[in-house]
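Summary of the model geometry
Chain residues, written in single-letter form:
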Amino acid sequence: MEDEAAAVEAALGLAGQDVPSLHLPPARVAFPAGLVRLAGFGAGRERLRLMFAEHPGLVLWLENRTDGQRVLAAVELEHAQEAPDARVAEEAVQAAAGPERAAFRRRWADTRRRDYDELQAYLASPAHIAAADQTRAVMMDVFRRQLGQ
């Protein structure tokens, strides 16, 4: 998987950039099929999240392409449900081009884990569950009124 990610970065002209890099891929560069392949499975989506952290401009480039929007949707749709994959982060750290990039990837993995744990705690909290129940009750009330019940 790390080879696929490196090939995507090279195809987009992002390889060798300092991270985080605001470098944008050239407008006319061909859309790498590897992006779609990575978006198709959990570990690949996790690697794309790291790639987006390293190259924030890549998100802007993807937003302007239909295939790119699909990749972004796949990554975001599963973001809250997919636990961070420590293997992906460790592979990325091992493959890092230098100590700065390895340190960046470690920090990213730590932050991703912390954010995921905080989100899961919030989603399981009584306050969130009560608010979600209240929202559903209001929506059902409006729905019933529209049906004339």
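Here the structure is a predicted model, which is why all the values come from computation and not from measurement.

1. Some words on the overall build of the protein
When helices and strands are counted, the protein shows eight helices and zero strands. Secondary structure elements in the protein, listed N-terminal to C-terminal, are α-α-α-α-α-α-α-α. The C-alpha atoms of the protein give a radius of gyration of 19 Å, which is well past the 15 Å a tight globule of 149 residues would have. Expressed along its principal axes, the backbone C-alpha trace of the protein runs to roughly 65 × 35 × 25 Å. For the protein, with 149 residues in total, the buried portion stands at 36%. Working note: accessible area of the protein is about 8,900 Å², and carbon and sulfur atoms make up 57% of it. Of the charged side chains in the protein, 18 are positive and 22 negative, and the gap between their average positions amounts to 4 Å.

2. Let's talk about helix α8 (residues 126-147)
The end-to-end C-alpha separation of α8 is 31 Å, in line with the 32 Å expected for 22 residues at 1.5 Å each. Phi for glycine 148, located one or two positions after α8, is positive at around 80°.

3. Comments concerning a nonpolar patch on the surface
Taken together, the side chains of Leu119, Tyr122 and Leu123 define a hydrophobic patch exposed on the protein surface, amounting to about 250 Å² of accessible area. Locating leucine 119 in the fold gives a position in helix α7 (residues 99-123). For leucine 119, a relative accessible area of 30% translates into the label partly exposed.

4. A few points about the nonpolar core
Within the largest apolar cluster, 16 residues are counted, with the highest numbers of intra-cluster contacts made by Leu12, Leu35, Leu48, Met51, Phe52, Leu58 and Leu62. Counting only elements with at least two residues in this core, the list comes to α1 (2-11), α2 (33-39), α3 (42-54), α4 (56-63) and α5 (66-77). Sequence-distant contacts of leucine 58, defined by excluding residues within four places in its chain, comprise Leu12, Leu14, Pro25, Met51 and Phe52. Within the second largest apolar cluster, five residues are counted, among which are Leu50, Ala92, Trp108 and Ala109.

Rules behind the numbers
Residues numbered from 1 in each chain as written. Predicted model: local features only at pLDDT ≥ 70, side-chain atom pairs only at ≥ 80, totals over all residues. Heavy atoms only, no water. Helix = DSSP H or I, 4+ residues; strand = E, 2+ residues; numbered from the N terminus. Rg over C-alpha atoms; globule rule 2.2 N^0.38 Å. Buried < 20%, exposed > 50% of the residue type's maximum accessible area, 1.4 Å probe, protein only. Areas by Shrake-Rupley, 256 points an atom, 1.4 Å probe, with all protein chains shown as cover. Lys, Arg positive; Asp, Glu negative; His and termini not counted. Charge placed at Lys NZ, Arg CZ, Asp CG, Glu CD. Expected span 1.5 Å × (residues − 1). Patch = residues over 30% accessible without salt bridge, like charges linked within 9 Å, V, L, I, M, F, W, Y side chains within 5 Å. Salt bridge = Lys/Arg side-chain N within 4 Å of Asp/Glu carboxyl O. Core = buried A, V, L, I, M, F, W, Y, C linked by side-chain atoms within 4.5 Å. Contact = heavy atoms within 4.5 Å.

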